[in-house]
Amino acid sequence: MTHPIVRLLTQRIALGLLLLLAASAMIFAGTQILPGDVAQSILGQSATPEALANLRAELGLNEPAIQRYFRWLGAALHGDLGTALTNGQDIATAMGKRLGNTLFLATCAAVIAVPTAILLGLIAVRYEGRWPDKLISGLTLSTVSVPEFLLGYIAMFLLAVKVAAFPSVATIYEGMGFFEKLRVVGLPVLVLVLVVLGHMMRMTRAAILNVMQSAYIETAELKGLRPFQIIARHAFPNAIAPIVNVVMLNLAYLVVGVVVVEVVFIYPGMGQYLVDHVAKRDVPVVQACGLVFATVYIGLNMLADVIAILANPRLRHPK
Amino acid sequence: MAETLLDVRNLKIAATVYPPGEKPHDIEIVHGVSFTLEKGKVLGLIGESGAGKSTIGLSSMAYGRGGVRISGGQVLLNGRDILAGSEADLRGLRGREVTYVAQSAAAAFNPAKRLMEQVIEATLKHGRASRSEARARAVRLFRKLGLPNPETFGDRYPHQVSGGQLQRAMTAMALCPEPDLVVFDEPTTALDVTTQIDVLAAIKEAIHATGVAALYITHDLAVVAQVADHIMVLRNSAMVEYGETRQIIEAPREDYTRALVSVRSIEHEEKRPTPEPLLKVENLTARYRGTDFDVLKNVSVELHPGQTLAVVGESGSGKSTLARAITGLLPPSAGRIGFAGRVLSPQMMDRTRDDLRELQMIYQMADVAMNPRHTVGKIIGRPLEFYFGLKGAAKRRRVIELLDEIELGEKFIDRYPAELSGGQKQRVCIARALAAKPKMIICDEVTSALDPLVADGILKLLLALQRIEGVALLFITHDLATVRAIADAIAVMYRGQVVRYGTKSEVLTPPFDDYTDLLLSSVPELQLGWLEQVIAHRKMESAGG
């Protein structure tokens, strides 16, 4: 007999893959609905009808959409995302570097933001209703409320112009040393941390406070444990599922939603890449970016559910 | 040598209340209680819910639940006033000198941690033993408390063991640091009667073997009489009577104590079966969706007009499922439900309005069975409107009639459920059921959440209403004392089957089948030494058989 948790996890992962398939179909359909014609955009307004017809045949645009969808999807599964219309580059190669940069930025932000948010959440619960709680809640709420581009410019003004601790433009290039890279991305990382910190901290606080109402917390108090021990040892393990969920949502945001921050700091990541090609109506690139973003988003949420399932002792150790 | 362990002097406890529309203010919930407890002795605290039992018990750890705090008096433990101590002093005392066993061990254990880790946590935290010593001590306690596989029991998670086992594990957790005092807060109340007796015996044995002193809190006098040396009776947050167990039980001085001792004074003459039953359940089999076993197996019972059929059994025996099947909430997979000469369709959705009207239901949790935003008048008026189309003054008149019948009266008509006591809420639910002029009411554990004296009032009311309205009652309960008090016929259920069925006198007259015998002999009796007698009897039987 297989462990019931294996079945649950298989189900969840299968659902994630199904969702991804649906997302890919929607991305493809969405870009098909857009007015205009790829052949026309490649050849320009002055193209002759013959040239257009030839190119259409060459690109396979005369085939039914469903066939083109499966061809596109099949190629994407083999790592071939097609070529960009604007510069004829291979999308996978061009995007690979950009994605690497975005993941570097996201990882730096996550490594700082996730532990900080959880620790601040624990502290806020420990001093619930007293000044440390109010201070933490107030500060994180204000950083969440300020638009990220404004946060970016404020950070730039204070830390690049006034103090000159970090460069104002986060240009990174190949062959740059790791620590040099870290210094260069300092400001965008700071802004991203401030943006995601509040949400994660507040959800951590809410999830743990919810658990703090349980009878077993009273049991722990009556054992003479210290308040912080109670929160960390007895409350936190039971609040993992909701916390992981909100952490994953924010990690997804760090990859998918950083467009504005990348533009502000002129950082060569996925966001910039997407914005550039949307402006040029480069449909294959937009499709590829959409697919990658969907994969990241669905993948992280799936991971959140997998962790939540694994963290549940009732599922891990059935009767 | 009598040495005082706990000396509580003029203890006052207050709580802050936040009444809607008023300023928060303090009320006193315990008014100056004093008592002493000697080393190694057991003091029983008894009283109704809200009498302040738990609050007084927890004060021996200087702990106030929720917004409760100790506002006056002294609590001397081992000679020092613990109320004068700092938070750090209190942490040193809790889990070391005094430990706690909660009513619901199922909720009091952390679901994310293994039992062993939780059982030895306080022992380690206070440096009472090394990890390996503590583990060995826990295993010894598991064995002493009769837990299965004591060596590996601690490796399990709370959800992997039964309620009775959890309660024992919690006792082991309380005894592991070798405290001077254990506070037992209704440790067997949430258990089935057949489980309660074993847990009670295990707790008593453990108390004696370790020589620990205990405060034993319960609302069940028969239970506390088995374990306590002294008993303190509490009512409305004040002491009513304090004395040796024998004196309290055999010669109570106060009226209130006498009422507690003689509770269940209901006399009910058994009615004979009529030729034509009102409800005829035939070979009912049912299972829940997505499961692969029958929770009801071939159940056949009859209920005669104006009579009471009591369905008894432990939790999980299928008694509530039977109610669900009869009401059509859980369509049975086989069998027939005959009612008032016709056959009821298995699905509730397919039943006629008269089918629905004539078969009403009352639940255990009166609080959650009423819309908290409706007034009593609206709650009782709803079925009048729905079934009889009553409106305006006519409806109000009928609501007042019903309120008089349940002995509450017109003044309750504009109140909200939150403004009622537990017993009053249950009365409103009864009125709501009666409003439909039913032929039969299913009562699902309607007195289980109530204090004995309040429950008694509800039972008397139900019997009186039965006489006046001629309504038949299907009474689901785990409480055999209730069954004795009100039933005309009894069905004993065990694992989805009816193991014994007949008129009350038939069912309660020997010879018994094994299960009914176990069930009947497990009901605590208000008699010193009852527990030992039953346990000795069972040991002899199992040795002989």
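This one's a predicted model, so the numbers in the text were calculated from it and none came from an experiment. (Residues numbered from 1 in each chain as written. Chains lettered and ligands numbered in written order. Predicted model: local features only at pLDDT ≥ 70, side-chain atom pairs only at ≥ 80, totals over all residues. Heavy atoms only, no water.)

Draft legend 1. Structural context of the overall build of chain B. Counting its regular elements, chain B contains 22 helices and 20 strands. With the principal axes as the frame, chain B shows a C-alpha extent of 70 × 65 × 45 Å. Counting all 545 residues of chain B, 52% fall into the buried class. Carbon together with sulfur atoms contributes 49% to the accessible area of chain B, which is approximately 23600 Å² in total. In chain B, 66 positive and 66 negative side-chain charges are present, and the distance between their average locations comes to 5 Å. (Helix = DSSP H or I, 4+ residues; strand = E, 2+ residues; numbered from the N terminus. Buried < 20%, exposed > 50% of the residue type's maximum accessible area, 1.4 Å probe, protein only. Areas by Shrake-Rupley, 256 points an atom, 1.4 Å probe, with all protein chains shown as cover. Lys, Arg positive; Asp, Glu negative; His and termini not counted. Charge placed at Lys NZ, Arg CZ, Asp CG, Glu CD.)

Draft legend 2. Fine view of the interface of chain A and chain B. Contacts between the two partners involve 22 residues from chain A, matched on the other side by 27 residues from chain B. Taken over both partners, the interface formed by chain A and chain B buries close to 2300 Å², and the fraction arising from carbon and sulfur atoms is 55%. It is Glu218, Leu222 and Lys223 of chain A in chain A that bury the most area against chain B; as a group they hold 30% of the surface buried on that side. Our count for the chain A to chain B interface comes out at three salt bridges. Among the salt bridges present, the one from Arg233 of chain A reaches Glu121 of chain B, with a minimum N-O distance of 3.2 Å. Taken together, the connections running from chain A to chain B amount to 18 residue pairs in polar contact (both at pLDDT 80 or more). For the side of chain A that touches chain B, the secondary-structure elements that each account for two or more residues are helix 10 (215-222), helix 11 (227-235) and helix 16 (313-316) of chain A. At six residues, the largest contribution of residues to the side of chain A that touches chain B is made by helix 10 of chain A. Here the residues of the side of chain A that touches chain B sort into eight nonpolar, six polar and eight charged. (Contact = heavy atoms within 4.5 Å. Buried area = accessible area lost by both parts, 1.4 Å probe. Salt bridge = Lys/Arg side-chain N within 4 Å of Asp/Glu carboxyl O. Polar contact = N/O pair within 3.5 Å; in protein donor to acceptor, adjacent residues only side chain to side chain. Nonpolar A, V, L, I, M, F, W, Y, C, P; charged D, E, K, R; others polar.)

Draft legend 3. The arrangement of the confidence of the model for chain B in detail. Per-residue confidence for chain B gives a mean pLDDT of 89; residues scoring 70 or more make up 98%. Per-element confidence in chain B ranges from a low mean pLDDT of 84 for helix 19 (residues 480-486) of chain B to a high of 96 for helix 4 (residues 115-119) of chain B. (pLDDT = per-residue confidence, 0-100.)

Draft legend 4. Broad picture of a nonpolar patch on the surface. Residues and elements named next belong to chain A. Nonpolar side chains collect at one region of the surface, where Phe149, Leu150, Tyr153, Ile154, Phe157, Leu158, Val161 and Val260 lie side by side and expose about 730 Å² of accessible area between them. Top element by residues in the nonpolar patch is helix 7 (residues 148-162). It accounts for seven residues. Structurally, Phe157 can be placed in helix 7. Taking the relative accessible area as the measure of exposure, Phe157 reaches 44% and is therefore partly exposed. (Patch = residues over 30% accessible without salt bridge, like charges linked within 9 Å, V, L, I, M, F, W, Y side chains within 5 Å.)

Draft legend 5. Region of interest: the environment of Ile120 of chain B. All names here are of chain B. Among the secondary structure elements, Ile120 is positioned in the loop between helix 4 and helix 5 (121-125). Sequence separation between Ile120 and Leu6 is 114 residues, and the spatial gap between their C-alpha atoms is 25 Å. Every residue in contact with Ile120, bar those within four places of it in the chain, is listed here: Arg131, Ala134, Arg135, Ala138 and Cys176.

Draft legend 6. Looking closely at the nonpolar core. Counting residues in hydrophobic clusters, the biggest one holds 91 residues, and the most contacted among them are Leu6, Phe35, Leu181 and Tyr216 of chain B. It is helix 9 (residues 193-210) of chain B that contributes the most residues to this core, eight residues altogether. Apart from the residues lying within four places of it in its own chain, the contact partners of Leu6 of chain B are Phe35, Thr36, Leu37, Ser60, Val75, Leu76, Leu77, Leu181 and Leu215 of chain B. Judged by nonpolar contacts, the second largest core, of 83 residues, contains Met95, Leu105, Leu151 and Val264 of chain A. (Core = buried A, V, L, I, M, F, W, Y, C linked by side-chain atoms within 4.5 Å.)

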